[in-house]
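Summary of the model geometry
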Amino acid sequence: MYRYIILLWDRRDPEKSQIAQMLVERLKKQTSGWRSVLQADGAAVFDNGGRNNAWQAYVLPDSRGVVLGKLFTGTTNKNTWSHVAEFGVSEARELLETRGKHLIDEYWGRYVAVFLTPKTNNQYILRDPTGGIECLHFTYKSINVFCSDLENVFADDIEASFNWRHIASILINGELVGKETGLTAVTQVQAGECLEIDGCCKKSEFYWSPQKIFNHRRIDDAGVASELIRQTTLSCVQAWASCYSSIIHDLSGGLDSSIVLACLSEASSSPDVLVVNRYSEAPGGDEREFARKMVGRTNFEYVEKEKLIPHMGLSQLLESPRSARPGLNGVNIERDLESIEMARKRGADAFFTGQGGDSFFFQMKAPSIAADYLQTHGLGAELINVARDVGYLTSKPAWLVLWRAIQLGWLSDGKDYMNGFQYIPTFVGEACHQLVHAGEFNHPWVRDASGVPPAKRLHFRSIVNSQQYYAPSLRGSIADVMHPLLSQPLIELCVSIPTYVLTQGGMDRALARNAFREYLPKEICNRRTKGDMMSLYNNTVLENLPALKELLLDGLLVQERILDRPKLEEVLTEESLLRTPDYTRIMMVADIEAWLTSWSSNRQKKAA
C-alpha cells in the first residue's frame, strides 16, 4: 500500500511554522519508513516509497509541488500510454499556471498532487478522478494534514466523534463515498476535486466530473463505441500490468474479471500471473466452469479455492485496518488472510480484479434507459426498438417500458432515478430517517447533474460508489490492490456513451461483450447470469447468529437509535431470515458496528 502524509500551514504565521517544524522532526524520528520527498515554506510531504515501479513522488522543479502516485501519458486517440518519469520545467510551469488542471487533461493514473504558489501563499491539493488513492483531511495542532490512511502518528490523537449522518446515509441511500467520513474530525478531498487553501480560508472546485464529460462528448455509434472500449480497456489494463512483476488475479468466471484476464494475456510486459477462482458449493456460487474455459485461453497458472463459511467472532471483525469510515469489507477477512499467504509465497506485488466493470460498462437492468433515449431524441420509430431492448433486458413488456420512459423522461423532475434500485432495511431506526431522507444522495457528481437523463444519472451514482473498492483491506498491507478498469480514460469513454447504446440489443454490458467477443469464450460473452454469493452470505449469517446478536443488539447503532432494536431482534432469528432474507444488510450493519467498536475501544484506551 502506498502511503503518504502532507503537512500544510500558513508560512506567514511564525507560531504555525514552529509547530509544523516540530511535527516534521517527529515524523523524521519515526521508524515506520517515512521518507521526506518535499520540504518548502508552508509544506512538508512524506511517503513510504511504495513498491517497485508502481509508485513515485514526482517533485516539481524548485520544490513548487509534488505529485504522489503513478502517472501515465501518451496519445489519447490511439490509447498508447507510457510511464511518466519526471516533470520538466515547461510542464511544471503548465501545471502551476493551471493550478493542476493540466494534470487532469494530459495525464491519468492514481495520484494526489500538491501545488504551491509562494507569491500568493496559495496551496492546492488535487485528487485524481478515479479516487484511486485516499486523501483524508484533518487539522492537527492548527496544521492541515492530508494523508492516505489513519495508521499514522498524528491520527492517534483524532477525537473519535462519530458522524451519524454519514452512517445513516450508508444505510438509507447506500452513499458510501463523499466528502464526509464516519468521523466528524475527518473529511476527504473527493475524486476530481481541487482544494485551494489560503491561510484559514478553503475553497473547492471540481476539475473533473462525469457530467462535464457527458456534456462535452457523446458517442452514439455502437460500432465505434465498441471498438473504443476494446482499445481503451486493453491499453489501461496493460499500462497497470507494466508496473508489476508478479500479479494475483481474481477470476470469478464473470465478464469483467475475464476481460481483465484477456488484457493481461496480451500484455507486452509479460508479468508473472497467478489466476485464482474462489467458489462456493452453495447454489449460484460455483463459477468454475466459466473460469476454467477462460483461463484455458491463457498460459497462466490457475488455482481454485473454496469459499468457506467464516466464523465471525468480534475479534475477527475488528481485524480490519482502522479507517475513516466503515470499509464494508468484513465479509472478506478470511479471503484476505488467504490472499496474504499466497502473495508471500509467490512474491506477488499486486492483486488484480475486475471490479468497476459492472459500473462503467453498465450492468444495471434499468427501465429508465428508454427514458434516456426519449429525453435525448424525443418520440420516433427508434424509440420502439429501444423499448424492446429495455424490455428484454428488464423482463418487462415494451408498453410498460414506454410508459415508464414518458414518466421519467417527460413528467419527472429526475429525483426518482433510483426507482426500483433502493432498498431500506426494515430494522432501520427513527433517528436514521431523521438524519437523512430516502433518495438524498449528496455527492456533487449526482446531486448537481441537472439535465442528465435518469439512467445516465444512475450510471454516475454507480461510478461514485465504485471508489469504495479502494477501501483499506488486510491484503492491501502486503501487495497493491489494483482495479485496472477503474482508469480515467475508460471511465471517460463509458460516461460519454449513452446508456441505450451501452445496452444495445437488450444485454447488460452489451458493448463490452461485443468488444471482447474474440477474446472470451462464447459461454462468457453470452452469459446473462452472474455468480450469486447470496447463499454463502445467508449461511454465514445463520451460522453466526449468536455472535451477530451479541455484536448488534446492544451495540452503538441501537443505542443511537440508528437501528430499531425490537425490529432487529425480530429479524435476527432463523425463522425470520428464512421468510424475508436480509442477509447482505445484516452483514453491512455488522461491519459498521465493528468499525464503531474499534474506534470506541481506541478512545477508551487513550482515556485510560
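Notes on the structure follow. (Residues numbered from 1 in each chain as written. Predicted model: local features only at pLDDT ≥ 70, side-chain atom pairs only at ≥ 80, totals over all residues. Heavy atoms only, no water.)

Topic: helix H10 (residues 333–346)
In a regular helix each residue adds 1.5 Å, so 14 residues correspond to 20 Å; H10 covers 20 Å between its end C-alpha atoms and thus fits that length. What H10 keeps buried is the set Ile333, Asp336, Ser339, Ile340, Met342 and Ala343. Positive backbone phi, at 75°, marks glycine 347, one or two positions downstream of H10. (Helix = DSSP H or I, 4+ residues; strand = E, 2+ residues; numbered from the N terminus. Expected span 1.5 Å × (residues − 1). Buried < 20%, exposed > 50% of the residue type's maximum accessible area, 1.4 Å probe, protein only.)

Here we look at the pattern of salt bridges
Going through the model one piece at a time under the given rule, you end up with 31 salt bridges. Measuring nitrogen to oxygen at the nearest pair gives 3.4 Å for the salt bridge that ties arginine 12 to aspartate 198. One end of the pair, arginine 12, is in the loop between strand E1 (4–8) and helix H1 (14–28); the other, aspartate 198, is in strand E12 (residues 193–198), with 186 residues separating them in the sequence. The exposure class assigned to aspartate 198 is partly exposed, which follows from its relative accessible area of 31%. A single network of salt bridges, built from pairs that share partners, joins Asp256, Asp358, Lys365, Asp508, Arg509 and Arg513. (Salt bridge = Lys/Arg side-chain N within 4 Å of Asp/Glu carboxyl O.)

Section: the nonpolar core
Residues Ile6, Leu7, Leu103, Ile125 and Leu150 are the most contacted members of the largest nonpolar core, which totals 192 residues. Non-local contacts of isoleucine 6, meaning those with residues more than four positions away in its chain, are made with Ala44, Val45, Leu68, Val112, Val114, Ile125, Asn144, Val145 and Phe146. One finds Ile248, Ala348, Phe351 and Val481 within the second-largest nonpolar core, a separate group that totals nine residues. (Core = buried A, V, L, I, M, F, W, Y, C linked by side-chain atoms within 4.5 Å. Contact = heavy atoms within 4.5 Å.)

Focus on unusual backbone geometry
In this model, asparagine 121 sits at a positive phi of 70°, which is unusual for a non-glycine residue. Following the sequence through the fold, asparagine 121 ends up in the loop between strand E7 (108–117) and strand E8 (122–127). When its relative accessible area of 7% is taken as the criterion, asparagine 121 is described as buried. Even without glycine at this site, serine 270 takes up a positive phi of about 50°. As for its placement among the helices and strands, serine 270 is situated in the loop between helix H7 (255–265) and strand E15 (272–279). Since its relative accessible area comes to 56%, serine 270 is described here as exposed.

Re the packing of helix H6 (residues 222–241) against H7
For the pair H6 and H7, interaxial distance at closest approach is 9 Å and the crossing angle is 65°. When the axis of H6 is compared with that of H7, the two are roughly perpendicular. The two elements H6 and H7 meet at a crossing, and its hand is right-handed. Taking contact as the criterion, the partners of Thr233, Leu234, Val237, Gln238 and Ala241 in H6 are, on H7, Ile259, Val260, Cys263 and Leu264. Of the residues that constitute the contact of H6 with H7, the class distribution is seven nonpolar, two polar and no charged. (Axes fitted to C-alpha atoms, helices over the stretch in contact; angles between N-to-C directions. Parallel < 35°, antiparallel > 145°, perpendicular 65-115°, else oblique. Left-handed = near helix turned anticlockwise from the far one by under 90°. Nonpolar A, V, L, I, M, F, W, Y, C, P; charged D, E, K, R; others polar.)

Let's talk about the side chain of asparagine 173
Its place among the elements puts asparagine 173 in helix H4 (residues 164–173). For asparagine 173, a relative accessible area of 2% translates into the label buried. Reaching out from asparagine 173, the side chain makes a polar contact with the backbone oxygen of glutamate 440 at a distance of 3.2 Å. (Polar contact = N/O pair within 3.5 Å; in protein donor to acceptor, adjacent residues only side chain to side chain.)

Some thoughts on the sheet that holds E1
Judged by pairing direction, the sheet is antiparallel, and its six strands sit side by side in the order E2-E3-E1-E10-E9-E11 without closing on themselves. Strands with a single pairing partner mark the edges of an open sheet, and in this sheet they are strand E2 (35–40) and strand E11 (187–188). By the bridge criterion, five bridges tie strand E9 (residues 136–140) to strand E10 (residues 143–147) in an arrangement that is antiparallel. Opposite leucine 136, over in E10, you have cysteine 147 as the bridge partner. (Pairing = 2+ DSSP bridges.)

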